[in-house]
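Below, each chain spelled out in residue letters.
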Amino acid sequence: MTDDNGEVTAGPGIEVAVVSGLSGAGRSTAAKVLEDLGWFVVDNLPPELIATMVELGSRARGEVARIAVVMDVRSRAFTDDLGAVIKDLDGRGYRPKLLFLEASDAVLVRRFEQNRRSHPLQGAGRITDGLAAEREVLRPLREDADLVVDTSNLSVHDLRTRIEGSFAQESAHAATRVTVLSFGYKYGLPLDSDLVVDVRFLPNPHWIPELRPFTGRDREVSDYVLSQEGAEEFVDRYLELLDLVGAGYRREGKRYLTVAVGCTGGKHRSVAISEEIGRRLADREGIQVNVEHRDMGRE
């Protein structure tokens, strides 16, 4: 299920991964990492439905290439049925990859106490009682795991790097999803933006009667905005900045970036510049671009 270098290998047509382990050991983080790497992640799917999902995914004509199922002891018929499903998928040639996350009791107790949560198996006992019961239930699964990761001394960033190194063909080149969002300052700043840039230094087409009815997506306005002194140079320099920032974000495990471009009303300048930035970003390898216009049409 893994090659001699410890890298996860692909099955016929579709990759399948099962993520399990001790409560509090980092399953949610692992699921988010796999999702960022392009896996279709399902949390606590009943074991008897896993094979059905894999079969459906294999018929999706490439739309679903990788499926990851996150399982814990709260799942129905957890160990016996899950083990049988994994064997069945392996026999069909899918070669499911099993990632098991664990940590020391001391670390897990501290994590539960910090979050003020009880362990799902502790009942009327202590957290350590729940951990002991869980370790016993999960013991067969741990023994069959392709990759066991002890998160006791790992930060979230370290765990992400470890998973990417095993589940991504080339984690450094995993796609970064960039949303370029135009907006109007008079309607307020976008709350979910990572970077904000102001293009009100460019002449406003609003004051040109023949351009006022159009938007920055129309050729008339776009040509006017981009022909202004400093416009092309601004786009060039800002793309250089985005390359630098994007590389840093990828090193830190952040693969989503929202770039907000603002003008007064969000109709002309910010729209034209956003469209140009989006068009040129789309030519860069490893970037998926989405251009949105929050306030266009509000005037």
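Quick notes on the rules
Residues numbered from 1 in each chain as written. Predicted model: local features only at pLDDT ≥ 70, side-chain atom pairs only at ≥ 80, totals over all residues. Heavy atoms only, no water. Axes fitted to C-alpha atoms, helices over the stretch in contact; angles between N-to-C directions. Helix = DSSP H or I, 4+ residues; strand = E, 2+ residues; numbered from the N terminus. Parallel < 35°, antiparallel > 145°, perpendicular 65-115°, else oblique. Contact = heavy atoms within 4.5 Å. Nonpolar A, V, L, I, M, F, W, Y, C, P; charged D, E, K, R; others polar. Pairing = 2+ DSSP bridges. Buried < 20%, exposed > 50% of the residue type's maximum accessible area, 1.4 Å probe, protein only. Expected span 1.5 Å × (residues − 1). Bend = angle between axes of the 7 residues up to and from the residue. Phe/Tyr/Trp six-rings, centres within 6.5 Å; stacked < 30°, edge-to-face > 60°.

Draft legend 1. Examining the packing of helix α7 (residues 219-226) against helix α9 (residues 269-281) more closely. Closest axis-to-axis distance for the α7/α9 pair is 9 Å, and the angle between their directions is 85 degrees. If you check the angle between α7 and α9, you find them roughly perpendicular. For the pair formed by α7 and α9, the contact residues are S222, V225 and L226 on the first element and R269, A272, I273 and E276 on the second. Here the residues of the contact of α7 with α9 sort into four nonpolar, one polar and two charged.

Draft legend 2. Region of the structure containing the sheet that holds strand β3 (residues 66-70). Spatially, β2-β3-β1-β4-β5 is the arrangement adopted by the five strands of the open sheet, whose pairing is parallel. The open sheet terminates on both sides in strands that have one partner only, identified here as β2 (40-43) and β5 (147-150). On average, adjacent strands in this sheet sit at an angle of 20 degrees to one another, irrespective of strand direction. Bridging between strand β1 (residues 15-21) and strand β4 (residues 97-102) involves five bridges; their strand directions are parallel. If you follow V19 over to β4, its bridge partner there is L99. Each of β1, β4 and β5 is contacted by helix α5 (residues 127-144), which is oriented at about 140 degrees to β4, the strand it contacts most. Contacting β1, β3, β4 and β5, helix α6 (residues 156-167) runs over the sheet at an angle of about 170 degrees to β5.

Draft legend 3. Highlighting unusual backbone geometry. In this model, R116 sits at a positive phi of 55 degrees, which is unusual for a non-glycine residue. Tracing the chain through its elements places R116 in the loop between α4 (105-115) and α5.

Draft legend 4. Spatial organisation of the side chain of E276. Along the chain, the position of E276 falls in helix α9. By relative accessible area, which is 9% here, E276 ends up buried. If near-sequence neighbours (up to four positions away) are discounted, E276 is found in contact with L226 and V235.

Draft legend 5. Molecular detail of α5. Counted at 1.5 Å a residue, the expected span for α5 with its 18 residues is 26 Å, and the 26 Å between its end C-alpha atoms agrees. Where α5 bends most, at L138, the angle is about 50 degrees, and the proline P140 comes one to four residues later.

Draft legend 6. Up close: the packing of aromatic side chains. This structure, assessed with the given rule, holds three aromatic pairs. Each ring, one from F234 and one from Y238, has its centre 5.7 Å from the other, and the planes form 10 degrees; the classification is stacked. One end of the pair, F234, and the other, Y238, are both in helix α8 (residues 231-251), four residues apart, so they sit about a helical turn from each other. Among the residues examined, F234 registers a relative accessible area of 16% and is labelled buried. On the accessibility criterion, Y238 (8% relative accessible area) is buried.

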